[in-house]
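So you can see what is in the structure, the chains are spelled out below.
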Amino acid sequence: MLDFFTIFSKGGLVLWCFQGVRGPAAACTAPVNALIRSVLLQERGGNNSFTHEALTLKYKLDNQFELVFVVGFQKILTLTYVDKLIDDVHKEFRDKYRNEFQQKGTLGILNGTFDFKEDFLHLLRDAEESSKVRAPTAMKTFEQSAKSQKTVKSMIENRGEKPKEKTKNKKNKGSKKEGESMLQLIVATPKTVPSVKQEPAAAAGDREELTKDEILQRNREEFFRKRMKVGEKSNKSPKPDAQKDKGKKPRVWDLGNSNAKVLDYSNSTSNGNLTVTCAASWSSCYPIQLVSDRNHEPGLLREIECESEEEMEEEKVVQSSSSTSAKKGGLGGMFGMLKGLVGSKSLAKEDMDPVLEKMKDHLIAKNVAAEIAVQLCESVAKKLEGKVMGTFTTVTSTVKQALQESLVQILQPQRRVDVLRDVMDAQRHRRPYVITFCGVNGVGKSTNLAKISFWLIENGFSVLIAACDTFRAGAVEQLRTHTRRLNALHPPENHSGRVMVQLYEKGYGKDAAGIAMEAILYARNQGFDVVLVDTAGRMQDNAPLMTALAKLIAVNTPDLVLFVGEALVGNEAVDQLVKFNKALADHSMAQTPRLIDGIVLTKFDTIDDKVGAAISMTYITSKPIVFVGTGQTYCDLRSLNAKAVVAALMKA
């Protein structure tokens, strides 16, 4: 039994609604609003079903008249006639009110009255009757089968005989072997051979009818043609005598250097706090290595740029050359352009299939997960199917533009994370703002935690780093080194005696959730603005470690949970994020479990224009990419520019 069926325009105006269950008229409002927010506005229309609480919603888009048809029913029911019903209602409603939509347009939708209840009930009865259990089809008799048409003689096989096809293939194999042996003899013969006229290669069907002598003659000709081509190539491009030295030259150490202080970077510490001399030495020794970019304003998080100025200049040169070639082409180029025009017709799926197939392969080549690429192309097909195109537009340009719009929309999810605003809000409530970092092994959690610490300190916030990775050897020492360097770059003297960054550690083998709780309490008492919790790297299939992570998040309830992922991953990104979210949901004790809130995308400088991991991660979680790591220094932290990423993704 259906709960409701509604028809509304893409502008949000409800045209007609049927309610199959008694209750308030607004009972279907919440599920439909959730469908609009989570699917239609987020360009996730690849699958025509959506689940909201106890309801399953199925929908169909009419792109010509900008209409949406939605049916809702209980999730536990298996209604096989729903797809047929929604297709029939769509066709009937279009045919009945087509003239009204075409003549009056938007005013017709606003002022029109749609009496569709009787038609809908009739279609519903027909769909329910068609889905009833039918009698099983009768089994075929022997006379109706294909085997009865064969004779007994055709089914008898003697032991010595073999099928004709196999013997023919064997003859061909034998002729190939003989041809190869003759080629070997030709190589041994002198090079003076009479010139033979080149004939076009025979087709596969003609080759079977040739005699052995003709096959050998043809093989000889092919062999000599190849030899002549190789000789010409070697004459044209002779190899240089002197080859360049390849590889790096080994460093030669000067053993006689008496100035050993240049290589001595060990500095005295007292209880983990750096002295003033140590801070001065660090800032003098590492002005470039730690902070590579000092051109921008301190604390400003710049947007990522996927194209350099040189690439832009190259593209301009290519475009200018293509425009000049088009001018030279004359009428030929004009007719070639007119071939792809649609010409004021509604797009069908058959028109878009070849273009979408190429787009899907292009996305996969750019490191988008294969499953996500398929869903994106299906969503674009549903968005454009039935849409009336302009006269001077091609199918390729239309599909490409729609895909670009969908990708930009995906990279700008529902919730935008503004860390600085949230930290200032926590300051007003006199409590620390807590960020937890999680992810698989080796993706750069600790390194990017240090970059975010530097960015927060540049904006005037004090940071406490909680060393909750009690599993990996050297994890605490790594954070200790980062803390020392950050204190050297921002000594207390520059902040009126206030320590801007401090490490809270309890060693190895301890409970990570307990250390995080103690660190948050310590930050509250000492007046720190932000607590950054570093956790151990764990694979998504490691159940004990995933349980420990879920416990840490459930006990401490951080303000922001960031998943740190590599920009190098392809299909693995889907598996990682799905299983991380599933583990957090399964091991949480709350009714609404705490999941991943945002993504930190690392190693973005190593992938050139293969930026598909950003699309895969955002599509799976519907969460924004908060930070992007672009290098190894503290300033190599960027915010995501959706349009620049999509431009790099669509670049051929």
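Reading the values: rules and limits
Residues numbered from 1 in each chain as written. Predicted model: local features only at pLDDT ≥ 70, side-chain atom pairs only at ≥ 80, totals over all residues. Heavy atoms only, no water. Helix = DSSP H or I, 4+ residues; strand = E, 2+ residues; numbered from the N terminus. Buried < 20%, exposed > 50% of the residue type's maximum accessible area, 1.4 Å probe, protein only. Contact = heavy atoms within 4.5 Å. Areas by Shrake-Rupley, 256 points an atom, 1.4 Å probe, with all protein chains shown as cover. Disulfide = S-S within 2.5 Å. Pairing = 2+ DSSP bridges. Core = buried A, V, L, I, M, F, W, Y, C linked by side-chain atoms within 4.5 Å. Domains from an automatic or database assignment. Expected span 1.5 Å × (residues − 1). Bend = angle between axes of the 7 residues up to and from the residue. Axes fitted to C-alpha atoms, helices over the stretch in contact; angles between N-to-C directions. Parallel < 35°, antiparallel > 145°, perpendicular 65-115°, else oblique. Left-handed = near helix turned anticlockwise from the far one by under 90°. Nonpolar A, V, L, I, M, F, W, Y, C, P; charged D, E, K, R; others polar. Patch = residues over 30% accessible without salt bridge, like charges linked within 9 Å, V, L, I, M, F, W, Y side chains within 5 Å. Salt bridge = Lys/Arg side-chain N within 4 Å of Asp/Glu carboxyl O. Polar contact = N/O pair within 3.5 Å; in protein donor to acceptor, adjacent residues only side chain to side chain. UniProt positions renumbered as here; feature names shortened; annotations may be inferred. pLDDT = per-residue confidence, 0-100. Right-handed = clockwise from strand over helix to strand, strands pointing away.

A.B. asks: Before we go on, may I ask you to explain the overall build of the protein in this structure?
C.D. replies: Helix and strand counts for the protein come out as 22 helices and 15 strands. Relative to its full complement of 652 residues, the protein shows a buried share of 38%. Of the contacts made within the protein by residues no fewer than 6 positions apart, 74% connect residues no fewer than 24 positions apart. If you sum the accessible surface of the protein, you get close to 39,600 Å²; carbon and sulfur atoms cover 53% of it.

A.B. asks: Teacher, can you tell me more about the state of the cysteines here?
C.D. replies: Here is the idea: a disulfide is a covalent bond, and it sits between the sulfur atoms of two cysteines. Under the criterion given, the structure shown has zero disulfides. Considering cysteine sulfurs only, cysteine 28 is the nearest to cysteine 17, which forms no disulfide, with 4.0 Å between them.

A.B. asks: Would you explain the pairing of strand E3 (residues 49-52) in this entry?
C.D. replies: A regular strand places its side chains on the two faces of the sheet in alternate fashion. On E3, burial follows the alternation: Phe50 and His52 on one face are buried, whereas Ser49 and Thr51 on the facing-out side are not. Here four bridges tie E3 to strand E4 (residues 55-62), and the two strands are oriented antiparallel to one another. By the bridge assignment for E4, serine 49 is matched with lysine 58. Between the antiparallel neighbours E3 and E4 lie two residues, among them glutamate 53 with a positive phi of about 55 degrees.

A.B. asks: Got a minute to help me understand the nonpolar core in this structure?
C.D. replies: The tendency in soluble globular proteins is for nonpolar side chains to be buried side by side. Leu376, Val419, Ile435, Leu456, Phe604 and Phe627 are the most contacted members of the largest nonpolar core, which has 113 residues in total. Shared between two domains, this core holds at least three residues of each, these being domain 2 (347-411) and domain 3 (419-643). Among all residues touching leucine 456, those that are not within four sequence positions of it are Val419, Leu420, Phe461, Val463, Val530 and Leu532. Formed by 26 residues, the second largest nonpolar core is a distinct cluster that contains Leu2, Phe5, Val71 and Phe93.

A.B. asks: Looking at this structure, I do not really get helix H12 (residues 349-365). What am I missing?
C.D. replies: What sets the pattern is the α-helix's 3.6 residues per turn: residues three or four places apart point alike. Here H12 is 17 residues long and its end C-alpha atoms lie 23 Å apart, about the 24 Å a rise of 1.5 Å per residue gives. In the structure, H12 departs most strongly from a straight axis at valine 355, where the bend amounts to approximately 30 degrees. What H12 keeps buried is the set Met352, Val355, Leu356, Met359 and Leu363. Elements that come into contact with the buried residues of H12 comprise helix H13 (370-384), helix H14 (395-410) and helix H22 (642-650). Of the residues flanking the end of H12, it is asparagine 367, one or two places downstream, whose phi is positive at about 85 degrees.

A.B. asks: Got a minute to help me understand the packing of H14 against H22 in this structure?
C.D. replies: Any two packed helices are characterised by how steeply their axes cross, that is the angle between the axes, and by the distance between the axes. Contact pair H14 / H22: the axes reach a minimum separation of 9 Å and the direction vectors enclose 140 degrees. As judged from the angle between their axes, H14 and H22 are oblique. When you trace H14 past H22, the crossing you get is right-handed. On H22, the residues touching Lys400, Leu403, Gln404, Leu407 and Val408 of H14 are Ala642, Val646, Leu649 and Met650. When grouped by side-chain class, the residues that make up the contact of H14 with H22 number seven nonpolar, one polar and one charged.

A.B. asks: Looking at this structure, how should I read a nonpolar patch on the surface?
C.D. replies: On the surface, Val152, Met155 and Ile156 cluster together into a nonpolar patch covering about 310 Å² of accessible area. Positionally, valine 152 belongs in helix H5 (residues 152-155).

A.B. asks: What is the right way to read the pattern of salt bridges from this model?
C.D. replies: As enumerated under the stated definition, the model contains 23 salt bridges in all. For the salt bridge of lysine 60 with aspartate 87, the shortest nitrogen-to-oxygen distance reads 3.5 Å. Here the residue lysine 60 occupies a position in strand E4, and aspartate 87 occupies one in helix H2 (residues 82-104), the gap between them amounting to 27 residues. Under the relative-accessibility criterion, lysine 60 is labelled partly exposed at 27%.

A.B. asks: Would you mind showing me how to read the sheet that holds strand E15 (residues 637-638) here?
C.D. replies: Neighbouring strands of a sheet are bound in pairs by backbone hydrogen bonds; such pairs are parallel or else antiparallel. Spatially, eight strands are ordered E10-E9-E11-E8-E12-E13-E14-E15 in an open sheet, and the strand pairing comes out mixed. Sheet topology places strand E10 (501-504) and E15 at the edges, where each strand pairs with a single neighbour. Summarising the sheet, strand E13 (residues 598-602) and strand E14 (residues 625-629) pair through three bridges and their orientation is parallel. Looking at the pairing, isoleucine 599 lines up with isoleucine 625 of E14.

A.B. asks: Teacher, can you tell me more about the environment of threonine 398 here?
C.D. replies: Mapped onto the elements, threonine 398 comes out in helix H14. Of the residues examined, threonine 398 reaches a relative accessible area of 12% and is grouped as buried. Expressed as a C-alpha distance, the spacing of threonine 398 and leucine 384, which sit 14 residues apart in the sequence, is 8.6 Å. Those residues in contact with threonine 398, other than ones at most four positions away along the chain, are Leu347, Leu384, Met389 and Thr393. In this structure the side chain of threonine 398 is engaged in a polar contact, spanning 2.7 Å, whose partner is the backbone oxygen of threonine 394.

A.B. asks: What is the right way to look at H2 in this model?
C.D. replies: Over its 23 residues, H2 runs 31 Å from end to end, which matches the ideal 33 Å to within 8%, given 1.5 Å per residue. The axis of H2 is deflected most strongly, by about 60 degrees, at tyrosine 97. Val82, Leu85, Ile86, Val89, His90, Phe93, Arg94, Tyr97 and Phe101 are the residues of H2 that are buried.

A.B. asks: How do you make sense of the UniProt feature "domain: SRP54-type proteins GTP-binding" (unreviewed entry) in the protein when you look at a structure like this?
C.D. replies: The feature "domain: SRP54-type proteins GTP-binding" (unreviewed entry), as annotated in UniProt, sits at residues 624-637 in this numbering. A helix fraction of 0% and a strand fraction of 43% characterise residues 624-637, whose end C-alpha atoms lie 16 Å from each other.

A.B. asks: Can you walk me through the confidence of the model for the protein in this structure?
C.D. replies: Do not read the predicted coordinates in detail wherever pLDDT is low. Chain-level pLDDT for the protein is 76 on average; 71% of the residues reach the 70-or-more range. Predicted confidence in the protein is weakest over strand E7 (residues 273-274), with a mean pLDDT of 35, and strongest over strand E11 (residues 530-534), with 96. Below pLDDT 50 for its whole length, residues 165-171 participates in two contacts with residues either more than four positions away or in separate chains. Across residues 175-208, confidence stays below pLDDT 50; counting only partners more than four residues off in sequence or on other chains, it has 27 contacts.

A.B. asks: I keep staring at the pairing of E13 and nothing clicks. Help me out?
C.D. replies: Within E13, five of the five residues are buried, which leaves it mostly tucked inside the rest of the structure. The alternating pattern of E13 places Gly598, Val600 and Thr602 and Ile599 and Leu601 on opposite faces, both of which are buried. Of the pairings in the sheet, the one linking strand E12 (residues 560-566) to E13 comprises five bridges and is parallel in character. Residue pairing across strands places valine 564 opposite valine 600, the latter belonging to E13. Taken together, E13, helix H21 (residues 612-621) and E14 form a β-α-β motif whose crossover is right-handed.

A.B. asks: Looking at this structure, I do not really get the sheet that holds strand E5 (residues 67-74). What am I missing?
C.D. replies: Strand order in the open sheet formed by five strands is E2-E1-E5-E4-E3, with antiparallel pairing between adjacent strands. The open sheet has two edge strands, strand E2 (14-19) and E3, and neither has a second partner. Strand after strand, the sheet turns through a mean of 15 degrees between neighbouring axes, direction not considered. Pairing between strand E1 (residues 2-9) and E5: seven bridges, direction antiparallel. Looking across to E5, one finds that threonine 6 is bridged to valine 70. With respect to the sheet, helix H4 (residues 117-130) is in contact with E1 and E2, its orientation differing from that of E2 by roughly 50 degrees.

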